[in-house]
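Summary of structural features
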Amino acid sequence: MSPFEKVVCCYFSILFVCYLAILVASPVKPEGFTWGLSTLFLPAYELTFLCIGTLTLWKVSWKSVQYFVVLVCILIPAVTGFLYLVQLISIIVSGKYITVLAMENAGELAYVTKPTTIALCLGMACLVAIIVFAAISETRKGLTSRLPSRSVFAGLGLIFLMGFTYSERNSYIDHARSFGIPISLNEDFAPVLGIHSTYTEFSQTRFEEGQISQFLDDVSNGHIVSPFHLKPTADFPFQQTGLHAGSLPFDIQAPKEPINVIVLFLEGLSARAMGHYGGPYDDLMPNLNRFARHAVTIDNYYNHTAATYRGIQGSLSSGFPLAGGAGWESSQDRLAELSSVSYATLPKILNARGYDTRIYSPHTKSKPFDDFLRTIGFAKVITPEDVILDSPTNSLSDRDLFAAMAADLRARDRSRVEIPFFWASYNIGSHAFLDSPVGAAKYNDGRNSALNRFHELDVAVRKFLDAFEASTFVGNTLLIITTDHSSYAEPPVVAAFSDSPKFTTHFIDQIPFILRIPGVSEPTRFQNGVRTSLDLAPTILHLMGVTDAEHAFLGTSIFDAEFEYDVNWGMIWPNLYRIDHTGVSVVAPDVANTQESVVKSAIMYYNQLELENRIFDSRQ
C-alpha cells in the first residue's frame, strides 16, 4: 500500500471517528436518532464505499489521464469531508442534521460561527491538506503506464457489489421483516446520503398534481369541505370580500378613529420564554411580563410557519408562503420574480386607507430583506443607515432599534400629526445561535446563550414600551407583541426549556400574542380553540373595525366566535404539523388521514397559485 493509499484510509477512518465522537458528545440528538443500522452501519458503509472508490481510481496508471485521476482522488475525500463537516457543525449548533430549512437560511452562516465550529473547519482543512500533499508528492515521483492490475478489478467489483446491495436495500429489509427481524435504514442519518436527500428535496418543489386535482374535484362536488375559503372555479380562488367576523367580546373605546396599530415581531420567541405564559423563569423577561399583566393575552396561539421570511409574510398576508430566505436571497432575478406576486397584506390594506406604514429593520438597505419588506407593503423601511449616520455594514442591535423606534414615536407625539399609522418592527438580537452582545445583559451566570439573548431582548424592548406608555397614543393605538416564529430548538434552548409543559423540538410552538387594546383596561386572558399566526392579519382588522377589505386570507379573526378549532395546522415545506391539545406533532406523509391530506392539498394548491400569481387580483 502506497503512502497516499495509507493516508486515504486514515482520512476516512478519522471522519467516522469524528462523526461518532460528536454524536456521543452532543447533548441534543437529531430527532428520531437511535444508535443502530442507520446511524452506525450506514455512515460506515458510505465512507467505505467512497474510500474504496478513491483507492481503486488511484490504481489507474495511464499517463494520459494521470492528472485527472489525481484531481478526482483529491476531490472525493475533500468533498466527502466538506459534507461531513457541514453535518457535524449542524449537529453541534442545532442538534439536527442539515434540513431543508437550514439550506433556505444558508445566508445566515455568521450566526453559527463559534470557536468549536472554527476548530472543526481548521481541522478538516488540515486533513484535506495532508491528502493533497500526499497525492502531489506521490505523483511527482512519476507513475509508469500499465494495464489495470487485479486490485483495480477487485475494487471495481466491490464498488459494483456495494452499489447494487444498497440499491436493493428495501427488498432485503422486507425479507428480514418477513422473518420477524424489525430493521430499517434511514438515509437521513448518513451524512453524505442525508445531505444529498435533503438537497434534492430543497431544490425541487414537488406538487402532487393528482392530489390537488382530486382535492378541487371533491370540493366542487361537495364531497369534502375546504379548510379555507375557496372558490375552485374562480380566477383567484382564495380571494374574497369582507371578514364576516361578527362582534368583538369587548368594546374598543378610542377617543378618535381610525386607530393606530403597532406590531412588534420579536425574533424567534416562544411563549415558554415568558413567565406570564407559565415559563420556568419568572425573572427572564420581567418587562414583557409586566406589560402582559395589563393587557389582553391570547393563549393557545402557535406559529403556523417558519423561518423569518415566511413567518412575517405569512402573518401579514394570512397565508402559507412557499418561498423562504433562500428564494428571496438567491438572485436578483428570483427577487424580481417573487416581488411580482400579488398578495393582500395588512400594510397594503392600510396603505389604501391612508395609513403611514413603516417597519424598523436591523438589516441594511443592501440586503434582500429590505426589498422583501417593501414588497409585502411597507411604504418605509427604517434601516441601520437611518439610525446610525455612518452607514454601518453590521446589523442594528436590539437596543439601538427599539431606541430609534421610541425616539420616532416621541417625535410624532410632539408633532401632533393626524395621519393614522401602522408601525412594525423586527429585531435580530434574539436570533437562534446568538448570545447577547458584549456589554449587554446576561441572565444569572451567563452560561446559557439562549437565556442571555432573551433577557437582553427584554431590556432592549423596555425603551419602546416606556415611550409608548408615556405618549398620548396609549388611548387610540393597538399595540401588539408577537413574534415571527417560535424559538428554534438549538441545544441551549433545549437545555433551558425541555422540562416545560408540551416542549417540542419542532419549529412550531406556542408563541406570544399580547395586545394593548384602546379602552380595554382590565387584563384578560382569551382563548378560542387552537389558533395560529395565520389569524394575525384578520384579527387586527377585526379589532380595527375594518370588515370590508378585499383579501385572500386563509385565517380568521381569533375573536370570531363562529370558528373554534380543536385542531390546527402548521406548514414548513414539505412538512405538515398537527397542533392540538396535546401539543405539536409532524404528520408522516405515509400515514396522513383524510383530514390531514385535505389540509396539505389545500396548502399545496395555495403554493401552486403563488407560482401562477393567482393569490390576489391587485387590479381590484
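Residues numbered from 1 in each chain as written. Predicted model: local features only at pLDDT ≥ 70, side-chain atom pairs only at ≥ 80, totals over all residues. Heavy atoms only, no water.

**Considerations on the overall build of the chain**
- Secondary structure assignment for the chain yields 21 helices and 15 strands.
- C-alpha extents for the chain along the principal axes are approximately 95 × 65 × 45 Å.
- When each of the 620 residues of the chain is scored for burial, the buried share is 56%.
- Of the contacts made within the chain by residues no fewer than 6 positions apart, 76% connect residues no fewer than 24 positions apart.
- Carbon and sulfur atoms make up 58% of the accessible area of the chain, which amounts to about 26,900 Å² in all.
- Between the averaged position of the 45 positive side-chain charges in the chain and that of its 60 negative side-chain charges there is a distance of 8 Å. (Helix = DSSP H or I, 4+ residues; strand = E, 2+ residues; numbered from the N terminus. Buried < 20%, exposed > 50% of the residue type's maximum accessible area, 1.4 Å probe, protein only. Contact = heavy atoms within 4.5 Å. Areas by Shrake-Rupley, 256 points an atom, 1.4 Å probe, with all protein chains shown as cover. Lys, Arg positive; Asp, Glu negative; His and termini not counted. Charge placed at Lys NZ, Arg CZ, Asp CG, Glu CD.)

**Things to note about the packing of aromatic side chains**
- On inspection of all chains with the given rule, the structure shows 31 aromatic pairs.
- Consider the rings of Phe-160 and Phe-164, whose centres lie 6.3 Å apart with planes at 15 degrees: the pair is stacked. Note that Phe-160 and Phe-164 are positioned in helix H6 (residues 150-167) at a spacing of 4 residues, about one turn of the helix.
- On the accessibility criterion, Phe-160 (61% relative accessible area) is exposed.
- Accessibility expressed as a relative area gives 41% for Phe-164, which makes it partly exposed.
- A ring pair is formed by Tyr-309 and Phe-369, whose centres lie 5.4 Å apart and whose planes are at 90 degrees; its orientation type is edge-to-face. With Tyr-309 in helix H11 (residues 308-317) and Phe-369 in helix H15 (residues 368-375), this residue pair connects regions lying 60 residues apart in the sequence. (Phe/Tyr/Trp six-rings, centres within 6.5 Å; stacked < 30°, edge-to-face > 60°.)

**Observations concerning the sheet that holds strand S14 (residues 575-580)**
- In space, the 3 strands of this open sheet follow the order S13-S14-S15, with antiparallel pairing throughout. Edge strands, defined here as strands with exactly one partner in the open sheet, are strand S13 (568-572) and strand S15 (583-587). If you compare each strand with its neighbour and ignore which way they point, the axes differ by 30 degrees on average.
- Examined bridge by bridge, S14 and S15 share 5 bridges and lie antiparallel to one another. Looking across to S15, one finds that Ile-579 is bridged to Val-584.
- This element, helix H21 (residues 594-611), spans S13, S14 and S15 of the sheet and lies at about 125 degrees to S14. (Pairing = 2+ DSSP bridges. Axes fitted to C-alpha atoms, helices over the stretch in contact; angles between N-to-C directions.)

**Some details on the layout of surface pockets**
- The calculated volume of the largest pocket comes to roughly 1,700 Å³.
- Lining the largest pocket we find 42 residues, and of these Asp-188, Glu-201, Pro-574, Asn-575 and Val-586 sit closest to its centre.
- By residue number, the principal contributor to the lining of the largest pocket is helix H8 (residues 191-203), which donates 5 residues.
- Here the residues of the lining of the largest pocket are counted per class, giving 19 nonpolar, 14 polar and 9 charged. (1 Å grid on protein atoms, 1.4 Å probe; cavity = no way out; pocket = protein on both sides within 12 Å on 5 of 7 lines; lining within 4 Å. Points joined across faces, edges and corners; volume = space filled by probe spheres on them. Nonpolar A, V, L, I, M, F, W, Y, C, P; charged D, E, K, R; others polar.)

**Focus: the pairing of strand S5 (residues 356-360)**
- Here S5 lies mainly inside the structure; 5 of its 5 residues are buried.
- Going residue by residue along S5, you find Asp-356, Arg-358 and Tyr-360 tucked away on one face and Thr-357 and Ile-359 tucked away on the opposite face as well.
- Bridging between S5 and strand S7 (residues 421-426) involves 5 bridges; their strand directions are parallel. Along S7, the bridge assignment pairs Tyr-360 with Ser-425.
- Relative to strand S6 (residues 380-382), S5 runs parallel, the two sharing 3 bridges.

**Considerations on the side chain of Asp-370**
- Residue placement: Asp-370 occurs in helix H15.
- Discounting chain neighbours no more than four positions away, the residues touching Asp-370 are Thr-364, Lys-365, Val-381 and Thr-383.

**Side note on helix H20 (residues 536-544)**
- Across the 9 residues that make up H20, a large majority, 9, are buried.
- Along H20, the positions that sit buried rather than exposed are Leu-536, Ala-537, Pro-538, Thr-539, Ile-540, Leu-541, His-542, Leu-543 and Met-544.
- Two residues or fewer after H20 comes Gly-545, characterised by a positive phi angle close to 80 degrees.

**Some remarks on empty space enclosed by the protein**
- As enumerated under the stated definition, the model contains 4 cavities of 30 Å³ or more in all.
- Computed from the structure, the largest cavity encloses a volume of approximately 60 Å³.
- Lining the largest cavity, in full, are Ser-270, Arg-272, Ser-487, Ala-489, Val-493, Phe-497, Phe-503, Thr-504, His-506 and Asp-509.
- Considered class by class, the residues forming the lining of the largest cavity number 4 nonpolar, 4 polar and 2 charged.

**Brief notes about the sheet that holds strand S2 (residues 260-266)**
- In space, the 8 strands of this open sheet follow the order S6-S5-S7-S2-S8-S9-S3-S10, with mixed pairing throughout. Only two strands of the sheet have a single partner each, and these edge strands are S6 and strand S10 (524-526). Mean inter-strand twist for the sheet, computed between neighbouring axes without regard to direction, equals 15 degrees.
- Sitting on the sheet, H15 is in contact with S5, S6 and S7, with an inclination near 145 degrees to S6.
- Along the sheet, helix H18 (residues 449-469) contacts S2, strand S8 (477-483) and strand S9 (514-516); its crossing angle with S2, the most-contacted strand, is approximately 175 degrees.

**Let's talk about a nonpolar patch on the surface**
- There is a patch of nonpolar side chains on the surface, built from Val-24, Trp-35 and Leu-40 and spanning about 290 Å² of accessible area.
- In this fold, Trp-35 is placed in the loop between helix H1 (3-25) and helix H2 (37-58). (Patch = residues over 30% accessible without salt bridge, like charges linked within 9 Å, V, L, I, M, F, W, Y side chains within 5 Å. Salt bridge = Lys/Arg side-chain N within 4 Å of Asp/Glu carboxyl O.)

**Digging into the environment of Val-493**
- Inspection of the secondary structure puts Val-493 in helix H19 (residues 491-497).
- Its relative accessible area of 4% is what places Val-493 among the buried residues.
- Sequence separation of Val-493 and Tyr-606 is 113 residues, and the distance between their C-alpha atoms is 33 Å.
- Setting aside residues up to four positions removed in sequence, Val-493 forms contacts with Ala-450, Arg-453, Ser-487, Tyr-488, Ser-498 and Phe-503.

**Quick notes on the state of the cysteines**
- Throughout the structure, instances matching the rule amount to 0 disulfides.
- With no disulfide of its own, Cys-9 has Cys-51 as its nearest cysteine by sulfur position, at a separation of 4.2 Å.
- Note on Cys-18: no disulfide assigned, nearest cysteine sulfur contributed by Cys-126 at a separation of 12 Å.
- When its relative accessible area of 30% is taken as the criterion, Cys-18 is described as partly exposed. (Disulfide = S-S within 2.5 Å.)

**Focus: H6**
- Here H6 spans 26 Å end to end across 18 residues, near enough to the 26 Å set by a 1.5 Å rise per residue.
- Listed as buried for H6 are Val-152, Gly-155, Met-162 and Tyr-166. With its buried residues spanning 100 degrees around the axis, H6 presents them on a single face. Exposed and facing more than 90 degrees away from the buried side of H6 are Arg-150, Phe-153 and Phe-160. (Expected span 1.5 Å × (residues − 1). Arc of directions from axis to C-beta.)

**A closer look at the pattern of salt bridges**
- All chains considered together, the criterion is met by 21 salt bridges.
- A salt bridge links Glu-187 to Arg-169, with the shortest nitrogen-to-oxygen separation between them at 3.9 Å. Of this pair, Glu-187 sits in the loop between helix H7 (169-178) and H8 while Arg-169 is found in helix H7, placing the two residues 18 residues apart along the sequence.
- The exposure class assigned to Glu-187 is partly exposed, which follows from its relative accessible area of 25%.
- The residue Glu-490 makes a salt bridge to Arg-453 at a minimum N-O spacing of 2.3 Å. Here Glu-490, found in the loop between S8 and H19, pairs with Arg-453, found in helix H18; they are 37 residues apart in sequence, far enough to count as distant.
- Members of the salt-bridge network, linked through shared partners, are Asp-356, Arg-358, Asp-408 and Arg-412.

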